[in-house]
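# Topology and contacts: notes
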Amino acid sequence: MANVVVIGAQWGDEGKGKITDLLSKSADVVVRYQGGVNAGHTVVVKGQTFKLHLIPSGILYPETKCIIGCGTVIDPKVLIEELDRLVALNIPTDKLLISQTAHVTMPYHRSIDLASEEVRGTHKIGTTGRGIGPTYMDKSDRVGIRVQDLMDAESFREQVAWTIVQKNEILEKLYNLPPLDPEQVATEYLGYAERLRPHVVNTSVEIYEAVRRRRNILFEGAQGTLLDLDHGTYPYVTSSNPIAGGACIGTGIGPTTIDRVIGVAKAYTTRVGEGPFPTELEDASGDMLGERGAEFGTTTGRKRRCGWFDGVIGRYAVRINGMDCMAITKLDVLDEFDEIQVCVAYEINGERTTDFPNSGRDFAKCVPIYKTLPGWKQNTADCRSLEDLPKAALDYLKFLADLMEVPISIVSLGPSRDQTIIVEDPIHGPKRGLLSADGTPV
Ligand SMILES: Nc1nc2c(ncn2[C@@H]2O[C@H](COP(=O)(O)OP(=O)(O)OP(=O)(O)O)[C@@H](O)[C@H]2O)c(=O)[nH]1
Ligand SMILES: O=P(O)(O)OC[C@H]1O[C@@H](n2cnc3c(O)ncnc32)[C@H](O)[C@@H]1O
Ligand SMILES: N[C@@H](CC(=O)O)C(=O)O
Ligand SMILES: [Mg+2]
């Protein structure tokens, strides 16, 4: 057995949904540990597409327990819509559990998110507008509303009444928005509470029980390393900790429980929202990546910015997450390029570095130094083993593994569950022994 954390090694949307679904086949429990409905995890099975925002990507396996952990922020309306969509498709949702201590996104969080972005103007972050930052702000400020609060009607009404007084001051005086009616908000949310009640438990105990019984647990990250509040490209980050360390805080397990960390990265890079992006391509190659990769936000539909693979970021993600192995997704998107560039180092103020800069100002000045590799100009979508891959594609993967000093355990060649090469299943395979850094399968 192994307890595995699946994290994004770039700016999110690396395909964690697909990889988590794939690994869920061998998992007994899948836990989301941070983020909220800003996330959009896409899972494609037999031509059917599932877009999951909060529900863990293991939900398509009826025997797998799916847990929304305490580190997430929950918009109950969106969660219920998601549940209803699954129910309509006859996907069982009875094994979904929701943490009593997760925080709840309220209507004022969404309004404040949108209004503050507008006020920031050119300094905006480019958030998803889903109220994520303001929900986590209230958690830190100790005025947040938790799932357990929602379960007690009388005290919930009281809590909403006094909380909204302060929020209405902000809405009216700071943002010139109409105030909210506390009774109306409380009544709406108490309706959601009844729908969610059967799923709400002490998830920390559930997870610990699974650990004690030596079950396989997958911890599913949302967003990515560079969107991490502490270790990402601050201030252009989300308000939670998507890195592997976040799995402990966001579920209530100790670090010794984690056996392995698998990082997911695209074979190129994307970013949605504002902030520096050294390898961004604002040319025909960038357009080609966007078109071939269908790079539009799963949540907001925004166009994702596209660029070449950034090895400096990759190495950083390996370090920050203690990564054992990697899944490289969307290799098929590169199929038609004559040449492919990989950023191997940055030049900052005339100096070459392979280290990710700690300063946001320095990061904004980074000029990528590229290594050019030949393309393979061949369709890889139907390859099912490393041997099936064109030599140039395998060489590309070996180059990435070598550059980041991490083995590649999974290669994804299309959105569908079956369009995958599993060099070794990280749940069953040996720790750090899947594809050696020189690319040789072991
Ligand atoms: N062509 C191609 N598409 C893929 C592959 N793997 C995943 N996808 C698609 O790429 C997109 C990945 O984006 P998301 O589903 O938003 O990724 P995510 O990491 O789960 O999302 P966040 O938690 O929101 O960061 C989805 O549309 C997937 O269906 C692949 O190997 N090839
Ligand atoms: O998390 P919020 O505050 O809505 O946005 C901040 C920042 O993070 C980007 N982002 C948030 N969720 C995702 C996601 O699931 N994939 C990719 N990027 C995400 C958002 O675009 C902002 O740049
Ligand atoms: N989660 C998102 C972010 C967005 O939709 O803007 C995505 O899939 O891109
Ligand atoms: Mg996404």
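Every chain is numbered independently, its residues counted from 1 as its sequence is written. Chain letters start at A and ligand numbers start at 1, both assigned in the order the entries are written. In view of the model being predicted, local features appear only for residues whose pLDDT reaches at least 70, and side-chain atom pairs are presented and counted only at 80 or more, with totals across whole chains, interfaces and linings using the full set of residues. Hydrogens and water are ignored here; the side-chain numbers use all heavy atoms of the structure.

For the chain, the name recorded in an unreviewed UniProt entry is Adenylosuccinate synthetase, with Chamaesiphon minutus as its organism. Turning to the chain, the UniProt record has this under Subunit (unreviewed entry): "Homodimer." UniProt positions are given in the numbering used here, feature names are shortened, and annotations may be inferred rather than shown by experiment.

The full set of residues close to ligand 3 is Asp 13, Asn 38, Ala 39, Gly 40, Val 272, Gly 297, Thr 298, Thr 299, Thr 300, Arg 302 and Arg 304. We define a polar contact as two N or O atoms separated by no more than 3.5 Å, with the added condition that, inside protein, one atom must be a possible hydrogen donor and the other a possible acceptor, whereas residues neighbouring each other in sequence contribute only through side-chain atom pairs. In this structure, a nitrogen atom belonging to ligand 3 sits 3.4 Å away from a main-chain N or O atom of Gly 40. One of the side-chain N or O atoms of Arg 302 is found 3.0 Å from an oxygen atom in ligand 3. A 1.4 Å probe and the Shrake-Rupley method give the accessible areas. Residues count as covered only by the protein chains that appear here. Relative to its unbound accessible area of 260 Å², ligand 3 is 95% covered by the protein chains. Three categories are distinguished: nonpolar for Ala, Val, Leu, Ile, Met, Phe, Trp, Tyr, Cys and Pro, charged for Asp, Glu, Lys and Arg, and polar for the others, with Gly belonging to the last. Broken down by class, the residue content of the shell around ligand 3 amounts to 2 nonpolar, 6 polar and 3 charged. Proximity criterion: a residue is near a molecule or strand once any of its heavy atoms comes within 4 Å of it.

Lining the immediate surroundings of ligand 1 are 23 residues, of which Asp 13, Lys 16, Gly 40, His 41 and Ser 412 lie closest. A distance of 2.6 Å separates an oxygen atom of ligand 1 from a polar atom in the backbone of Gly 40. In this structure, an oxygen atom belonging to ligand 1 sits 3.1 Å away from a side-chain N or O atom of Thr 298. Computed on the free molecule, ligand 1 has an accessible area of 660 Å², of which 92% lies beneath the protein chains in the complex. Under the DSSP-based scheme used, a helix requires at least four consecutive residues in state H or I and a strand at least two consecutive residues in state E, with every element numbered from the N terminus. Secondary-structure elements contributing two or more residues to the shell around ligand 1 are α1 (16-24) and β3 (41-45). Among the elements that take part in the shell around ligand 1, α1 stands out by supplying 3 residues, more than any other. The class makeup of the residues in the shell around ligand 1 is 5 nonpolar, 11 polar and 7 charged.

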